[in-house]
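Analysis of the macromolecular model
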Amino acid sequence: MFLYDFTQLTSSIHSSLVESFGEGALTTTIELAIAGVAYLIFFAVLGLFLVYLERKVCAFIQNRLGPMRVGPWGLLQTIADFIKLLMKELIYIKSADQFLFNVAPFIVITASFLAIGAIPFDKGLQVLDFDIGIFYVAAVSSLGVLGVLLAGWASNNKYSLIGAMRSGAQIVSYELSVGLSLMTIIVLAGTMQFSEIVAGQADLWFIFKGHIPAMIAFVIFLIAGTAETNRGPFDLAEAESELTAGFHTEYSGIKFALFFLAEYINMFIVASIATTVFLGGWMPLHIPGLEGFNHVMDFIPPVLWFFMKAFTVVFIMMWFKWTFPRLRIDQLLTLEWKYLLPLNLINIVLMAVVVLLGWHL
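Residues numbered from 1 in each chain as written. Predicted model: local features only at pLDDT ≥ 70, side-chain atom pairs only at ≥ 80, totals over all residues. Heavy atoms only, no water.

If a probe the size of a water molecule is rolled over the atoms, the empty space left behind becomes visible. Counted by the stated rule, this structure contains one cavity of 30 Å³ or more. Leu 90, Ile 91, Phe 101, Glu 250, Tyr 251, Ser 252 and Lys 255 together form the lining of the largest cavity. Along the lines of polarity and charge, the residues of the lining of the largest cavity split into four nonpolar, one polar and two charged. (1 Å grid on protein atoms, 1.4 Å probe; cavity = no way out; pocket = protein on both sides within 12 Å on 5 of 7 lines; lining within 4 Å. Points joined across faces, edges and corners; volume = space filled by probe spheres on them. Nonpolar A, V, L, I, M, F, W, Y, C, P; charged D, E, K, R; others polar.)

The next point concerns the packing of helix α4 (residues 98–116) against helix α12 (residues 253–278). Close contact between α4 and α12 brings their axes to 9 Å; oriented N to C, the two are set at 25°. With respect to α12, the axis of α4 lies roughly parallel. Handedness of the crossing formed by α4 with α12: left-handed. Seen from α4, the contacting residues are Phe 101, Asn 102, Ala 104, Pro 105, Phe 106, Val 108, Ile 109, Ser 112, Ala 115 and Ile 116; seen from α12, they are Lys 255, Leu 258, Phe 259, Leu 261, Ala 262, Ile 265, Asn 266, Phe 268 and Ile 269. Of the residues assigned to the contact of α4 with α12, the class counts are 15 nonpolar, three polar and one charged. (Axes fitted to C-alpha atoms, helices over the stretch in contact; angles between N-to-C directions. Helix = DSSP H or I, 4+ residues; strand = E, 2+ residues; numbered from the N terminus. Parallel < 35°, antiparallel > 145°, perpendicular 65-115°, else oblique. Left-handed = near helix turned anticlockwise from the far one by under 90°. Contact = heavy atoms within 4.5 Å.)

Taken as a whole and judged by the stated rule, the model has five salt bridges. Between Lys 209 and Asp 203 there is a salt bridge whose closest N-O contact spans 3.0 Å. Judged by relative accessible area, Asp 203 falls into the partly exposed class, the value being 46%. The partner of Arg 231 in a salt bridge is Glu 263, and the shortest N-O contact between them spans 3.5 Å. Of this pair, Arg 231 sits in the loop between α10 (211–228) and α11 (240–243) while Glu 263 is found in helix α12, placing the two residues 32 residues apart along the sequence. (Salt bridge = Lys/Arg side-chain N within 4 Å of Asp/Glu carboxyl O. Buried < 20%, exposed > 50% of the residue type's maximum accessible area, 1.4 Å probe, protein only.)

Below, the structure written as structure tokens:
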């Protein structure tokens, strides 16, 4: 099963550092620096790829080609756009609160950094493995709304402020459904630690093992996660036809790029959590009774399993955006408070019954 185990690699790196510098703060600092640089590179590459993927998926749905000019099949287009954003002038907003205006994009991107550090891409391939992993990710990811609210208020622009208020109401509301859908799986798994949740799906993924309540929780998580990341059709905070660009109307250059990057990274984080909690994480597809099939699936690298599942969920979220019309703000909040939240509460009770009667074993 663990033919491709990263635990040995990380352990050997740690051992070589201990031999060179001894146990202490220096070794820990070097390990943190290596992890930080790796995540910075991963962030940049992932963000550029997701923007490219979004434009290609959008073009496919609209029967177009998408970017094709820069590089083969337009692969270098997002790199060219990123360089353009880096070279753009940072426009000074005279009436803005300069400190809060400047710090807001960094709060948003920092929240994404903190959340992705706990995601297990493979056995031994994660920075943090808390026993309260789900709680930690839910806590740090909710910090992003502070950056959004600060950006809208500090811009001293009525469109930005309205966009920030909409975003705050939307994110706080849909966090309830995200949390309750994850709590449904916590009831099933009996733990909040991501590595233990993945290990519990070695024989069968939770979306199947948890029967109907797990499937309902998965659908609710996808809807609420899409809304929480301000993705269409729930992108009222950035409604171009009403609010120009919403809470980041006054931003330009690298500061705008940070907001833009955070949106796509947050979409990947939602997809990664869905993959880890519902779809077995890095675990391959196993069907009870088909040992030959299961043995063949074990030879596919676990990290490849993880990214195949995660990008499938990302594609579904992009499909949502380019298929459904944008909701009004009252429709958006009605969907959460009148439908998803009561359904979630009932679903947790159903999952508790499933676990109590042992139907998940």
